[in-house]
Amino acid sequence: MPRHLRSSDLKTRSLGGRIASSIFALAFIAFGLFLREQLKPEPSLEPGGDNEWERVACRIAEARIDVNPSDRDPFTPFVRFQYRHGGRDYESTSFYREPRSHDDYTKVWLKLRDLKPGSDAFCWVNPFDPAQAAIDPSSPAQKALSIAPFILMGIGAFVLLMTWRPRRAGSTETNAAPGCALLFPLIFAGAGGVMFWLMTIPALRQVFTVSSWVETPCVIVFSELRESRGDDGPTYRADILFSYEFQGEAYRSNRLTLGLKVSSSGSSSKQEKIAKHPPGSATVCYVNPREPWEAVLDKTSASVLFPLLFPIPFLAAGIFMFFAMLRGGRKARRRVVDPAAFAASSTSNAMSPPEPEIAPAGPVVLKSGSQRAVKAGCLGFFALFWNGMVFAALL
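Rules and cut-offs
- Residues numbered from 1 in each chain as written.
- Predicted model: local features only at pLDDT ≥ 70, side-chain atom pairs only at ≥ 80, totals over all residues.
- Heavy atoms only, no water.
- Pairing = 2+ DSSP bridges.
- Helix = DSSP H or I, 4+ residues; strand = E, 2+ residues; numbered from the N terminus.
- Contact = heavy atoms within 4.5 Å.
- Axes fitted to C-alpha atoms, helices over the stretch in contact; angles between N-to-C directions.
- Phe/Tyr/Trp six-rings, centres within 6.5 Å; stacked < 30°, edge-to-face > 60°.
- Lys NZ or Arg CZ within 6 Å of the ring centre and 35° of its normal.
- Core = buried A, V, L, I, M, F, W, Y, C linked by side-chain atoms within 4.5 Å.
- Buried < 20%, exposed > 50% of the residue type's maximum accessible area, 1.4 Å probe, protein only.

1. Observations concerning the sheet that holds strand S9 (residues 282-287)
Pairing is antiparallel across the open sheet formed by 5 strands, whose spatial order is S8-S7-S6-S9-S10. The open sheet has two free edges, formed respectively by strand S8 (249-253) and strand S10 (295-296), since each of these has just one partner strand. The sheet contact formed by strand S6 (residues 214-230) and S9 spans 6 bridges and is antiparallel. Residue pairing in the sheet places Pro-217 in a bridge with Val-284 of S9. On top of the sheet, helix H2 (residues 105-112) reaches strand S7 (233-246) and S8; it is set at about 135° to S8, its chief contact. Each of S6 and S7 touches helix H5 (residues 268-276); the most contacted strand, S7, lies at about 20° to it.

2. Things to note about the packing of aromatic side chains
The full count for this structure, using the stated rule, is 9 aromatic pairs. Measuring from ring centre to ring centre gives 6.0 Å for Phe-242 and Tyr-244, while their planes differ by 35°; the resulting arrangement is tilted. An aromatic cluster of at least three residues, connected via ring pairs, comprises Trp-109, Phe-242, Tyr-244, Tyr-251 and Trp-293. The aromatic ring of Phe-78 is capped on one face by Arg-64, whose charged end is 4.0 Å from the ring centroid.

3. Examining the nonpolar core
Cys-58, Ile-60, Phe-81, Tyr-83, Leu-115, Cys-123 and Ile-135 are the most contacted members of the largest nonpolar core, which has 22 residues in total. Broken down by secondary-structure element, the contributors of at least two residues to this core are strand S1 (54-67), strand S2 (75-85), H2 and strand S4 (120-125). The contact partners of Cys-123, leaving out residues within four places of it in the chain, are Glu-54, Arg-55, Val-56, Cys-58, Phe-81, Tyr-83, Ala-134 and Ile-135. Of all hydrophobic cores here, the second largest spans 15 residues; its members include Ile-220, Leu-256, Cys-285 and Val-287.

4. Observations concerning the sheet that holds S1
The strand order across the open sheet formed by 5 strands is S3-S2-S1-S4-S5, and the pairing between neighbours is antiparallel. With partners counted over all chains shown, the strands left at the sheet margins are strand S3 (88-92) and strand S5 (133-134), one partner each. Both S2 and S3 contribute to a ladder of 5 bridges, which runs antiparallel. Within S3, the position partnered with Phe-81 by the bridge is Ser-92. Against the sheet, H2 engages S1 and S2, with an angle of about 145° to S1.

5. Some details on the environment of Leu-204
Looking at the element boundaries, Leu-204 is found in helix H4 (residues 183-209). Judged by its relative accessible area of 28%, Leu-204 falls in the partly exposed class. Spatially, the C-alpha atom of Leu-204 lies 9.7 Å from that of Gly-259, the residues being 55 residues apart in sequence.

Here it is in structure tokens:
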């Protein structure tokens, strides 16, 4: 005989689930508002703002990478170009609208690779002050990040709407694993998929091709110890710029190993690496023959494993939560009887006090009541980990 749900049990579960979903949704909305405030651009002095800069043809006169070894981000793109706007000739030396430096020489080199002296290119000109112009007007990552607050607030508003939407008369649905709740594990899985595409696939490509990289003589240009300070104390990494020639072309790189540049505590091992590669000394590097601007000093480091493994917890957690919530929702729907039986049961419970439950004969197997607390603790820990990663990326 199917088990009937009491109306009091159903209302308690439904109300508790709605409150929990509302808190989670309000957290999304609050974080979206906070992120929107942090990403709000400074008020522009020109009418219309920076977004109305015009694309104009220009001629490159000079392009180079300025290197300042003592800076934390020692590589700055420099470009000088001429352009014409409003019937007048102008010259600018701004690659970005605002000065910006980088810690990866190869990334800057790739930005300037096609900007040869005497070549034609395009720049962006401020129509309200034509003397202001730049080659790279804005970062696509910044534009994508500016959409993030609205996505977060939209998710929160959608969950609130679905949580407190009016229910049909005689409806017996519970709040277990509603469709809107399944959105959250999909977000985790989607984030893991994006990181897999951006981090794991390039790392896999390097792992499978590094055996064919060519050993090439190189010369150390500078070797510096970079220090980063955080709440848990300082972290360090060795920054070594080296130059080499491959197939008659000169290149530079400051990538020591495959994978990401990772700082860690303890400076002794980094100091030893710097002492081993003083400026002006000769050594060997390993060059990618298909893309010779890619080169490393050490191709055997295990740091490449980090981008391979990092997306896995996000993918696994998202997929696991999705199927767990889907399975829980199916179980909850099987426990609910038809509307007529539920209405009769609700009327009977309202007219008479509940009957005492009779314990079954024989031994009784007790189920732990801490399972919900364990699940809530696990989800809470994962949420703290996720939000911590987001905040660390923003700071």
